[in-house]
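Coordinate analysis (summary)
Residue strings, one per chain:
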Amino acid sequence: MKLTIAGGDMRMITVAELFAARGIQCKMFGFDKYKENKRDLEFTDNMEWAIRDAGVVILPFPCEKDGFLNAPFSSRRTELKGLFELGGEETLFIGGRLPKRKENLIDYSEQEDFLLRNAVPTAEGAVALAMQMMGNTIQGAELTVLGYGRIGSYLAHILHHLGAKVTVVARSAKSRTLAEISGVCAVGFDDCEAPLSCADMVFNTVPFKVIGEKELSAMGSGTAIIDLASLPGGAEEAECVKHKVLLVRALGLPGKVAPKTAGKAVFETVLRLLSDRGIFI
């Protein structure tokens, strides 16, 4: 089985290293600006050579930016469409947020095991960012977490055990009950004004607008929102500016704060997806 990794950041370098540790060498396309010497990795600028004879092509998360391969270590722009066309009928493409659905395209960012693994560096990165922004410890802070899914639940758990007073805002009674069982306060969105008014910082994990004029009015001037949700996120920039609330869209934290852990999450998910198809490495 010939593997190619096309594009991506340090997470994909980690993926390649983990394959190399198993004796599987990956061709690496889209890394001409990567300067570190990795003797066990095979770098190339020849896209046709890298893709055409590959059995599996692993793409980053997200796999594209404006129709081009997401390749921050590359000095060239590669159309994702052209990359797909180079693959043979049997070539399997595995990537994050793939732009289309076909039999030979598998989106690992929709896999539950990946999402759970990725929640850990996202939540821990949010904690590190919050400490930098506040200039204070988490211990003793009053913090509000909007949403209690994969990221929100783990984030609330960390903040609580670091000594913060945490309030979770969640829609479902089940989520609120689970939050309360874990030791934090929980309210519905209809009752979120009180915890927002006293919050030192707000974390949003809900991927659609949940912070409007009413919620922003409840926050004190200078309160910060760390938005961890995918776009469009939980609040609008213009409304936050109007109410003197700082909105920080913290996208892609895993790749920035813990690329090795985030890369391992990709690697483990890809291994599982391959084994599900009878490909064992």
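Predicted model, so just to flag it, every value in this text is computed and none were measured.

Attention now goes to the pairing of strand β13 (residues 224–227). With burial as the criterion, each face of β13 is covered, one bearing A224 and I226 and the other bearing I225 and D227. Across four bridges, strand β12 (residues 201–204) lies against β13 in parallel orientation. Opposite V202, over in β13, you have I225 as the bridge partner. In this view, the connection linking β12 to its parallel neighbour β13 by way of helix α8 (residues 213–218) has right-handed handedness. With four bridges joining them, β13 and strand β14 (residues 246–249) adopt parallel strand pairing. Bridge assignment links D227 to a residue of β14, and that residue is R249. Of the crossover connections in this fold, the one passing from β13 over helix α9 (residues 237–242) to the parallel β14 is right-handed.

Time to look at the nonpolar core. L143, L155, L159, V168 and F203 are the most contacted members of the largest nonpolar core, which totals 29 residues. Listing elements by their share of this core, those giving two or more residues are α4 (112–134), β9 (142–146), α5 (150–161), β10 (165–169), β12 and β13. With six residues, α4 is the largest single contributor of residues to this core. Beyond its immediate sequence surroundings of up to four residues, L155 is in contact with A123, A126, V127, V145, F203 and L228. Ranked by size, the runner-up nonpolar core spans 28 residues in total, among them I13, I58, F114 and L271.

At a minimum axis distance of 7 Å, the contact between helix α1 (residues 10–21) and helix α11 (residues 259–276) shows a crossing angle of 55 degrees. Classed by the angle they form, the pair α1 and α11 counts as oblique. Note that α1 runs across α11; the crossing there is right-handed. Contacts between α1 and α11 involve M10, R11, T14, V15, L18 and F19 from the first element and P259, K260, A262, G263, K264, V266, F267, V270 and L271 from the second. Here the residues of the contact of α1 with α11 sort into ten nonpolar, two polar and three charged.

With that settled, the discussion passes to the pattern of salt bridges. If you walk through the whole model with that rule in mind, you get 14 salt bridges. Among the salt bridges present, the one from R52 reaches E48, with a minimum N-O distance of 3.1 Å. Note that R52 and E48 are positioned in helix α2 (residues 47–52) at a spacing of four residues, about one turn of the helix. According to the relative accessible area criterion, R52 is partly exposed, its value standing at 46%. With its nearest N and O atoms 3.4 Å apart, the salt bridge here joins R249 to D227. Separated by 22 residues along the polypeptide, R249 in strand β14 and D227 in strand β13 bring together distant segments of the chain. Bridged by salt links that share partners, the residues D113, R117, R272 and D276 form one connected network.

Our next topic: the side chain of R11. Its location among the elements puts R11 in helix α1. In this structure R11 comes out as buried when scored by relative accessible area, which is 10%. Within the structure, R11 has its side chain in polar contact with the side chain of D9 (distance 2.9 Å). The contact partners of R11, leaving out residues within four places of it in the chain, are F61, G255, P259, A262 and G263.

Turning our attention to the sheet that holds strand β8 (residues 105–107). Ordered in space as β3-β2-β1-β4-β7-β8, the six strands form an open sheet in which the pairing is parallel. The open sheet has two free edges, formed respectively by β3 (42–44) and β8, since each of these has just one partner strand. Ignoring strand direction, the axes of neighbouring strands in this sheet form an average angle of 25 degrees. Where strand β1 (residues 3–6) and strand β4 (residues 56–58) come together, three bridges link them in parallel fashion. What sits directly across from T4, in β4, is V57. In the packing of α11 onto the sheet, contacts are made with β4, β7 (92–95) and β8, and the angle to β7 comes to roughly 145 degrees.

Reading across the sheet, the six strands line up as β11-β10-β9-β12-β13-β14 and stay open at both edges, with parallel pairing between neighbours. Single-partner strands in this sheet number two, and they are β11 (185–187) and β14. Neighbour-to-neighbour, the strand axes of this sheet turn through a mean angle of 20 degrees, independent of strand direction.

Attention shifts here to the packing of aromatic side chains. All told, the structure shown has eight aromatic pairs when counted by the stated rule. When the centroid spacing of 4.9 Å and the interplanar angle of 80 degrees are considered together, the rings of F19 and F267 count as edge-to-face. One end of the pair, F19, is in helix α1; the other, F267, is in helix α11, and 248 residues separate them in sequence. For F267, a relative accessible area of 4% puts it in the buried group. Both rings, one in F31 and one in F43, keep their centres 6.1 Å apart while their planes meet at 65 degrees; by these two values the pair is edge-to-face. Highlighted residues: F31 in the loop between β2 (26–29) and β3 and F43 in strand β3, separated in sequence by twelve residues.

So, how was this worked out
Residues numbered from 1 in each chain as written. Predicted model: local features only at pLDDT ≥ 70, side-chain atom pairs only at ≥ 80, totals over all residues. Heavy atoms only, no water. Buried < 20%, exposed > 50% of the residue type's maximum accessible area, 1.4 Å probe, protein only. Helix = DSSP H or I, 4+ residues; strand = E, 2+ residues; numbered from the N terminus. Pairing = 2+ DSSP bridges. Right-handed = clockwise from strand over helix to strand, strands pointing away. Core = buried A, V, L, I, M, F, W, Y, C linked by side-chain atoms within 4.5 Å. Contact = heavy atoms within 4.5 Å. Axes fitted to C-alpha atoms, helices over the stretch in contact; angles between N-to-C directions. Parallel < 35°, antiparallel > 145°, perpendicular 65-115°, else oblique. Left-handed = near helix turned anticlockwise from the far one by under 90°. Nonpolar A, V, L, I, M, F, W, Y, C, P; charged D, E, K, R; others polar. Salt bridge = Lys/Arg side-chain N within 4 Å of Asp/Glu carboxyl O. Polar contact = N/O pair within 3.5 Å; in protein donor to acceptor, adjacent residues only side chain to side chain. Phe/Tyr/Trp six-rings, centres within 6.5 Å; stacked < 30°, edge-to-face > 60°.

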